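These are the residues of each chain, in order.
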Amino acid sequence: MTGQTKTPLPPWSMAVAAMFLIQLSSALSVGLIEQVGAAGTAWLRLAMGGVIFLLIARPPLKRIRRQDVPSLLGLGAASGLMSVAFLSAIEHIPLGTAVAIEFLGPLTVAAIRSGSARMLTWPALALVGVVLLTEPWHGEVNLLGIGFALLAGVGWGSYIMLTQHVGDRFSGISALSMTIPIAAVMAAFVGAPQVIAHFDWRVLLVAVGLALLAPVLPFGLEMQALRRMTHTAFGTLMALEPAIGVLLGLVVLHQVPSAIQGVGIVLVVLAGAAAQRRGTRTPKYDPVPPAVGPAS
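Note that residues are indexed from 1 along each chain, following the sequence as it is written. Side-chain atom pairs in this predicted model are given and counted only at pLDDT of 80 or more, local residue features only at pLDDT of at least 70, and totals for whole chains, interfaces and linings cover all residues. Only hydrogens and water are removed before side-chain values are computed, so all heavy atoms of the structure are retained for them.

What follows covers unusual backbone geometry. Note that the residue after Ala214, namely Pro215, is joined by a cis bond; omega there is 25°. Numbering goes from the N terminus for both helices and strands, where a helix is a DSSP run of H or I of at least four residues and a strand is a run of E of at least two. Here Pro215 is to be found in helix 8 (residues 201-226). In this structure, Glu135 is a non-glycine residue whose phi angle is positive, near 45°.

Glancing now at the packing of aromatic side chains. Only Phe, Tyr and Trp rings take part, Trp by its six-membered ring, and two of them pair if their centres are within 6.5 Å. Stacked means planes under 30 degrees apart, edge-to-face means over 60, and tilted covers everything else. Per the stated rule, a full pass over the model turns up three aromatic pairs. Where Tyr159 meets Phe219, the ring centres are 5.2 Å apart and the plane angle is 40°; that geometry is what we call tilted. With Tyr159 in helix 6 (residues 143-167) and Phe219 in helix 8, the pair connects residues that are 60 residues apart, well separated along the chain. Considered together, Tyr159 and Phe219 belong to a single accessibility category, that of buried residues. Here the aromatic rings of Phe199 and Trp201 are separated by 5.0 Å at their centres, their planes lie at 80°, and the arrangement is edge-to-face. Residue Phe199 is classed as partly exposed on the basis of its relative accessible area, which comes to 40%. Here, a charge over a ring is recorded when the distance from Lys NZ or Arg CZ to the ring centre is within 6 Å and its angle to the ring normal is within 35 degrees. Taking NZ or CZ as reference, Arg169 lies 4.9 Å from the ring centre of Phe170, over its face. Relative accessibility under 20% of the residue-type maximum defines a buried residue, over 50% an exposed one, and the middle range a partly exposed one, all with a 1.4 Å probe and only protein chains included.

Here Arg228 lies in the loop between helix 8 and helix 9 (231-237). Overall, the relative accessible area of 9% leaves Arg228 in the buried class. Polar contacts involving the side chain of Arg228 include one to the main-chain carbonyl oxygen of Gln224, which spans 3.2 Å. Definition of a polar contact: a pair of N or O atoms within 3.5 Å, with one able to donate and the other able to accept a hydrogen when the atoms are protein atoms, and with sequence-neighbouring residues admitted only if both atoms are side-chain atoms.

Tracing the backbone through its elements, the reader meets Thr41 in helix 2 (residues 38-56). By relative accessible area, Thr41 is classed as buried at 0%. C-alpha separation for the pair Thr41 and Ser88, spaced 47 residues apart in sequence, amounts to 9.5 Å. In what follows, a contact means two residues having at least one pair of non-hydrogen atoms within 4.5 Å. With residues up to four places along the chain from it excluded, the contact list for Thr41 reads Ser29, Leu32, Ile33, Val36 and Leu87. Engagement of the side chain of Thr41 in a polar contact is seen with the backbone oxygen of Leu32, the distance being 3.5 Å.

Considering soluble globular proteins, one finds that nonpolar side chains tend to be buried as a cluster. Here, the term nonpolar core denotes a set of buried Ala, Val, Leu, Ile, Met, Phe, Trp, Tyr and Cys residues that are joined through side-chain atoms within 4.5 Å. If you look at the biggest cluster of nonpolar residues, it comprises 82 residues, and the most contacted ones within it are Phe86, Tyr159 and Phe234. Those residues in contact with Tyr159 that lie beyond four places of it in its chain are Leu75, Ala78, Ser79, Met82, Phe219 and Glu222.

Looking now at the confidence of the model for the chain. What pLDDT conveys is the predictor's confidence in a given residue, as a value from 0 to 100. Counting all residues, the mean pLDDT for the chain is 87, and 89% of those residues have values of 70 or more. Averaged pLDDT values over the elements of the chain bottom out at 46 in strand 2 (residues 291-292) and peak at 97 in helix 3 (residues 69-90). Overall, residues 1-5 carries pLDDT values under 50, and its contacts beyond four positions in sequence, including any with other chains, amount to six contacts. Across residues 291-296, confidence stays below pLDDT 50; counting only partners more than four residues off in sequence or on other chains, it has 18 contacts.

A word on the packing of helix 3 against helix 6. Lines fitted to C-alpha atoms define the axes here, with helix axes fitted over just the stretch in contact, and angles between the N-to-C directions of these axes take values from 0 to 180 degrees. The interhelical angle for the contact between helix 3 and helix 6, taken along N-to-C directions, is 150°, at an axis separation of 7 Å. Taken together, the axes of helix 3 and helix 6 lie roughly antiparallel to each other. Note on packing geometry: the crossing formed by helix 3 with helix 6 is left-handed. For this scheme, ten residues count as nonpolar: Ala, Val, Leu, Ile, Met, Phe, Trp, Tyr, Cys and Pro. Four count as charged, namely Asp, Glu, Lys and Arg, and the remainder, Gly too, count as polar. Here the residues of the contact of helix 3 with helix 6 are counted per class, giving 16 nonpolar, nine polar and no charged. Convention used here: angles under 35 degrees read as roughly parallel, angles over 145 as roughly antiparallel, angles from 65 to 115 as roughly perpendicular, and any remaining angle as oblique. Put simply, a crossing is left-handed when the front helix is turned counterclockwise from the back one by less than a right angle, and right-handed when it is turned clockwise.

This brings us to a nonpolar patch on the surface. A cluster of nonpolar residues, Phe20, Leu247, Leu250, Val251 and Val256, forms a patch on the protein surface that exposes about 460 Å² of accessible area. Residue contributions to the nonpolar patch peak at three residues, all from helix 10 (residues 240-253). Patch membership requires more than 30% relative accessible area and the absence of a salt bridge. Residues of like charge join within 9 Å; the nonpolar side chains Val, Leu, Ile, Met, Phe, Trp and Tyr join within 5 Å. All accessible-area figures derive from a Shrake-Rupley calculation using a 1.4 Å probe, and residue coverage is judged against the displayed protein chains alone. For this document, the term salt bridge refers to a Lys or Arg side-chain nitrogen within 4 Å of an Asp or Glu carboxyl oxygen.

Below is the structure:
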């Protein structure tokens, strides 16, 4: 079949499902972080995810154009940075706080890409919410955790822009069968030493399960959603993610936010909701279809 592949699901529903899966994987990763470290956990998730993608789809290496290479490498690097930095952040600060700080990345991307100076008001409002979340007046600010979350935000913002560009050229599985292995190789420099130092065969089974929750299922859903949404619509829809992070942090990790922190989360979510502009898009290219089957 030729032409654009139709999907029965609206793009926003795929994006929301991806958010739940990513935050659930992050919450469940805390136990593995205690055993093999944040970088080690991120590397295991990416490595297992890369293996899964290679098993279900052959990377269309022969169809890569020279101008595709920087985007593919960049997306792999952004995915690796986002994973390592975010898991490093939740090693030091609560899950919901880390997501709210990380969200400054895609929200800023959405505001800048809108072309309206007024849109920059919303990242500023979200920043106020982040200040309420971190409660610096208590004198117990974890600068290391905040720094990692900000770094993850840089990775997240870059990931959104590059995912849409790569998604215009390759279908979701085809692209991920190339970019996730790249991310795993890059994360190996900081993650592999941690895993080797505390290796246990059981962690591989845990890593496979976590990899299915993130990156395999959500990254595939996001790739499909971004092919049909504008940067602004997708980036600001992510306003729900801090609230999801708080919810799963409460349910899974028993991290109860204070009243002031609750107000901070509300401000971050409102900033994203206020900045949202509805938008769908038609892919610029007919993407290279996936070659399903074992990698040769």
